[in-house]
Amino acid sequence: MTSEPSGDIPEGMSPDARDTWPSPELIISWLGDQEIDFEFRPGEDLPVHDDPEAVYAARRFRDVLGRFGSGVTVVTAVSNDEPVGLTCQSFSSVSLDPPLVLFVPAKTSRAWPLIQRSGRFCVNLLAADQADLSNTMASRGTDKFAEVKWTPAPQTGSPMLEGAIAHIDCSIHAVHEAGDHYVVIGRVLDLVTDDDGDDDIAPLLFYRGKYRTTDAR
């Protein structure tokens, strides 16, 4: 007497055949219709559908918006007694009274939940010679601060990175969901500069996918 075949194994197939089947992830990757990572800004790999229209639209969005040059910042905090940080190109002043600024982390950011939990942060405005620091803070390394020199901000204790041209110490004022990012509003508590009055210090800029600065090339 033969046993009835399992309901999810085709008739005539060996019951142990499942052990040699490809994984579901591999099958889906063959079939397509997957989410792929697409880099928009330093350290921001966002999921985009792999169909040609979606990839083209994402690339077009990145290329056109990349024509808006901006400064580069590193947003830092201390969470569970450990320094955390992320590179952020999307930063802006918001209000003078009260003094407010904003930055826009991706929902995929690993550092942002830790910063949010701390309730405070410091925005470090990077100098032209700090592209390597920007890349370090944009990475997913286990210890971004291993070789980074910093001091605690006076108000919040958040890391003020050595060599940055200014530091904006803040408490979290509000957080708004916006598509695949969060808009974080910070209440400015303190302002610190490290340039000793040097007006010629050059900022680190990001334009069309590359680091730049204001110096003539």
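Note that this is a predicted model, so its numbers are computed, not measured. (Residues numbered from 1 in each chain as written. Predicted model: local features only at pLDDT ≥ 70, side-chain atom pairs only at ≥ 80, totals over all residues. Heavy atoms only, no water.)

Notes on the overall build of the protein
Our working rule: Secondary structure elements follow DSSP: runs of H or I of four or more residues count as helices, runs of E of two or more count as strands, with numbering from the N terminus. Remark: exposure states derive from per-residue accessible area (1.4 Å probe, protein chains only) relative to the maximum for the residue type, with buried under 20%, exposed over 50%, and partly exposed in between. Residue contacts are defined here by distance: any two heavy atoms, one from each residue, within 4.5 Å place the two residues in contact. Residue exposure ignores everything except the shown protein chains as possible cover, and the areas themselves are Shrake-Rupley values with a 1.4 Å probe.
Helix and strand counts for the protein come out as four helices and 14 strands. With 217 residues in all, the protein has 35% of them scored as buried. In the protein, of all internal contacts separated by at least 6 residues, the share reaching a separation of at least 24 is 58%. For the protein, the accessible area works out to roughly 13,400 Å², and carbon and sulfur atoms hold 51% of it.

Focus on helix H4 (residues 131–138)
Operational definition: When we speak of the arc, we mean the arc of directions from the helix axis to the C-beta atoms.
Inspection of H4 places Ala-131, Leu-133, Ser-134 and Met-137 among the buried residues, and these make up the whole buried set. Summarising the axial view, the buried residues of H4 lie within an arc of 160°, below the 170-degree limit, and thus occupy one face. Turning to H4, the residues buried within the fold contact strand E4 (73–79), strand E5 (82–88), strand E10 (159–161) and strand E14 (210–212).

Notes on the packing of aromatic side chains
This is how it is decided: By convention, a stacked pair of Phe, Tyr or Trp rings (six-membered ring in the case of Trp) has centres within 6.5 Å and planes under 30 degrees apart, an edge-to-face pair has planes over 60 apart, and any other such pair is tilted. Counted as over-ring charges are cases with an Arg CZ or a Lys NZ within 6 Å of the ring centre that also lie within 35 degrees of the ring normal.
Within this structure, the stated rule accounts for five aromatic pairs. On the numbers, 5.4 Å between centres and 70° between planes, the contact of Phe-206 with Tyr-211 is edge-to-face. Taking relative accessible area as the criterion, Phe-206 reaches 8% and is therefore assigned buried. Here Tyr-211 falls in the partly exposed class, since its relative accessible area comes to 25%. Among the aromatic residues, ring-to-ring pairing joins Phe-103, Trp-112, Phe-121 and Tyr-182 into one connected group. Lys-107 extends its terminal NZ or CZ atom over the ring of Tyr-182, reaching a point 5.5 Å from the ring centre.

A word on unusual backbone geometry
Trans is the prevailing form of peptide bonds, just as negative phi is the prevailing case for residues other than glycine. The amide bond that connects Asp-97 to the next residue, Pro-98, takes the cis arrangement and shows omega of 0°. Counting through the fold element by element, Pro-98 comes out in the loop between strand E6 (91–95) and strand E7 (100–103). Even without being glycine, Asn-80 reaches a positive phi, approximately 55°. For Asp-81, which is not a glycine, the phi torsion comes out positive at approximately 65°. Following the sequence through the fold, Asp-81 ends up in the loop between E4 and E5. Looking at Asp-81, the relative accessible area reads 73%, which means it is exposed.

Quick look at the nonpolar core
What counts is decided by this rule: In these notes, a set of buried Ala, Val, Leu, Ile, Met, Phe, Trp, Tyr and Cys residues joined through side-chain atoms within 4.5 Å is what counts as a nonpolar core.
Counting residues in hydrophobic clusters, the biggest one holds 16 residues, and the most contacted among them are Val-75, Leu-86, Phe-103, Ile-115 and Phe-121. Counting residues per element, the ones that place at least two in this core are E4, E5, E7, helix H3 (112–118), strand E8 (120–125), strand E11 (166–178) and strand E12 (181–193). When residues in this core are grouped by element, the largest group, three residues, is from E5. Beyond its immediate chain neighbours, meaning those up to four positions away, Phe-103 contacts Val-75, Cys-88, Ser-90, Phe-91, Trp-112, Phe-121, Tyr-182, Val-183 and Val-184. Formed by eleven residues, the second largest nonpolar core is a distinct cluster that contains Val-74, Leu-126, Leu-133 and Val-148.

Some details on the confidence of the model for the protein
We apply this condition: A score from 0 to 100, pLDDT tells how confident the predictor is in each residue.
Looking at the protein as a whole, the pLDDT averages 80, with 67% of positions reaching at least 70. In the model, residues 1–6 has pLDDT below 50 throughout and makes zero contacts with residues more than four positions away in sequence or in other chains. Per-residue pLDDT stays below 50 along residues 35–39; that stretch engages in 22 contacts with residues further than four places along the chain or on separate chains.

Concerning the sheet that holds E14
Our working definition: Pairs of strands are assigned from DSSP output, requiring at least two bridges between the strands.
If you trace the three strands from one edge of the open sheet to the other, you get E3-E13-E14, paired in antiparallel fashion. Whereas interior strands pair on both sides, the edge strands pair on one side only; in this sheet they are strand E3 (70–71) and E14. Taken together, the two bridges between E3 and strand E13 (residues 205–207) define a ladder with antiparallel strand orientation. If you follow Ser-70 over to E13, its bridge partner there is Phe-206.

Quick look at the environment of Pro-113
Position of Pro-113 among the secondary structure elements: in helix H3. Among the residues examined, Pro-113 registers a relative accessible area of 36% and is labelled partly exposed. The spatial distance from the C-alpha of Pro-113 to the C-alpha of Ser-79 is 9.6 Å, given a sequence separation of 34 residues.

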